[in-house]
Amino acid sequence: MDKHTTSCLTLKSYEEVYNTSIKPKLESIDLFLRENIAPFHIYEVAHILEIEPDELSHLMQKHSIAHLDTISFFTIVLNASSEICQLLTRQWHYAMQKNYTPEMIAEIYKLNIHKVKCAFDELNTCLVQDIDLPQVFKRIHLTVF
C-alpha cells in the first residue's frame, strides 16, 4: 500500500510564532533565574537553554566555569548554540538602544528584511520601541509547514 503525505502550508503572523514559540522560552528562562538559587544544576540549565549537557560541560570547561550561577549562566547563553541563546545574544547586542530600525528587528529575530520594512511602512514609522513590537510582528507573515 502506498502512503501519501500531504503537507499543508499555512500563513501565520510572526506575532503568533513569537507568542507560541519564543515568548514562553524567554519567560521560562526568566522564571528559572528568579526561582532557583545558585549553584544551578547542569541538567536544569541545559534543559532551559535547549542545549545538550555535553555542550554545557564543554562551555563550562572552555570558559573556566566551576559552578553555574547567574553570571556564568549568561556566559553560557552568550556562547551556546541553541536558537533561544542566539536570539538572546542578538537582543543584547542592541540592549542600549531605545528604538529599533527594521534592520535591527530583522537581525534580532532572523526575519526577512523586506517583510520587516513593509510592516514599518504599514505603521508609517522608521523606528519602533519594545512596546511596538507586537504591532510590527502582526504585520509580518510567515509560511509554516
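Keep in mind that this is a model prediction, so the values were computed, not measured. (Residues numbered from 1 in each chain as written. Predicted model: local features only at pLDDT ≥ 70, side-chain atom pairs only at ≥ 80, totals over all residues. Heavy atoms only, no water.)

Peer 1: Would you explain the overall build of the protein in this entry?
Peer 2: In terms of helices and strands, the protein carries eight helices and two strands. Reading the secondary structure of the protein in the N-to-C direction produces β-α-α-α-α-α-α-α-α-β. Rg of the C-alpha trace for the protein: 18 Å, well past the compact-globule value of 15 Å for 145 residues, more than 25% over. Oriented by its inertia axes, the alpha-carbon framework of the protein measures out at about 60 × 50 × 25 Å. Residues counted as buried form 33% of the 145 residues belonging to the protein. When contacts within the protein are restricted to residue pairs at least 6 apart in sequence, those whose partners lie at least 24 apart make up 52%. As displayed, the protein offers around 9,700 Å² of accessible surface, 53% of which is attributable to carbon and sulfur atoms. Taking the 13 positively charged and 19 negatively charged side chains of the protein as two groups, their mean positions are separated by 5 Å. (Helix = DSSP H or I, 4+ residues; strand = E, 2+ residues; numbered from the N terminus. Rg over C-alpha atoms; globule rule 2.2 N^0.38 Å. Buried < 20%, exposed > 50% of the residue type's maximum accessible area, 1.4 Å probe, protein only. Contact = heavy atoms within 4.5 Å. Areas by Shrake-Rupley, 256 points an atom, 1.4 Å probe, with all protein chains shown as cover. Lys, Arg positive; Asp, Glu negative; His and termini not counted. Charge placed at Lys NZ, Arg CZ, Asp CG, Glu CD.)

Peer 1: What is the right way to read the nonpolar core from this model?
Peer 2: Note on soluble globular proteins: their nonpolar side chains tend to be buried together. Counting residues in hydrophobic clusters, the biggest one holds 42 residues, and the most contacted among them are Y14, L49, F73, I76, I105 and Y109. The leading source of residues in this core is helix α1 (residues 14-35), at seven residues. The contacts of Y14, once residues within four sequence positions are left out, are I22, Y109, L111, F137, I140 and L142. (Core = buried A, V, L, I, M, F, W, Y, C linked by side-chain atoms within 4.5 Å.)

Peer 1: Where do I start with the packing of helix α6 (residues 102-109) against helix α7 (residues 113-122) in this structure?
Peer 2: Working note: a packed helix pair is described by the angle between its axes plus the distance between those axes. Direction vectors running N to C along α6 and α7 enclose 135 degrees, while the axes themselves pass 9 Å from each other. Comparing their axes, α7 and α6 come out oblique. As α6 runs across α7, the sense of the crossing is right-handed. For the pair α6 and α7, the contacting residues are P102, E103, I105 and A106 in the first and I113, V116, K117 and F120 in the second. Residue classes in the contact of α6 with α7 are distributed as six nonpolar, no polar and two charged. (Axes fitted to C-alpha atoms, helices over the stretch in contact; angles between N-to-C directions. Parallel < 35°, antiparallel > 145°, perpendicular 65-115°, else oblique. Left-handed = near helix turned anticlockwise from the far one by under 90°. Nonpolar A, V, L, I, M, F, W, Y, C, P; charged D, E, K, R; others polar.)

Peer 1: What is the right way to read the side chain of R90 from this model?
Peer 2: The residue R90 is located in helix α5 (residues 83-93) in this model. Within the buried set, R90 has no salt-bridge partner at all; the shortest N-O distance to an opposite charge, 6.3 Å, is to E107. One polar contact links the side chain of R90 to the main-chain carbonyl oxygen of I108, over a distance of 2.7 Å. The contact partners of R90, leaving out residues within four places of it in the chain, are E107, I108 and K110. (Salt bridge = Lys/Arg side-chain N within 4 Å of Asp/Glu carboxyl O. Polar contact = N/O pair within 3.5 Å; in protein donor to acceptor, adjacent residues only side chain to side chain.)

Peer 1: Please explain α5 as it appears in this structure.
Peer 2: Structurally, the α-helix is built with 3.6 residues per turn, so residues lying three or four positions apart point the same way. Looking at α5, one finds that the buried residues are I84, C85, L87, L88, R90 and Q91. Lining the buried residues of α5 we find α1, α4 (70-79) and α6.

Peer 1: What's the story with the layout of surface pockets in this structure? I'm lost.
Peer 2: The probe, sized like a water molecule, is rolled over the atoms to show the empty space still left. As a volume, the largest pocket reaches approximately 290 Å³. Along the walls of the largest pocket sit 13 residues, with Y14, I22, E83, L87 and R90 positioned nearest its centre. Of all elements in the fold, only α1 and α5 reach the threshold of two or more residues within the lining of the largest pocket. Of the residues that constitute the lining of the largest pocket, the class distribution is seven nonpolar, two polar and four charged. Estimates place the volume of the second largest pocket at around 240 Å³. Looking at the second largest pocket, the residues that line it are Y18, L26, L88, Q91, A95, Q97, Y100, I105, I108, Y109, D130 and L133. Elements supplying a minimum of two residues to the lining of the second largest pocket: α1, α5 and α6. (1 Å grid on protein atoms, 1.4 Å probe; cavity = no way out; pocket = protein on both sides within 12 Å on 5 of 7 lines; lining within 4 Å. Points joined across faces, edges and corners; volume = space filled by probe spheres on them.)

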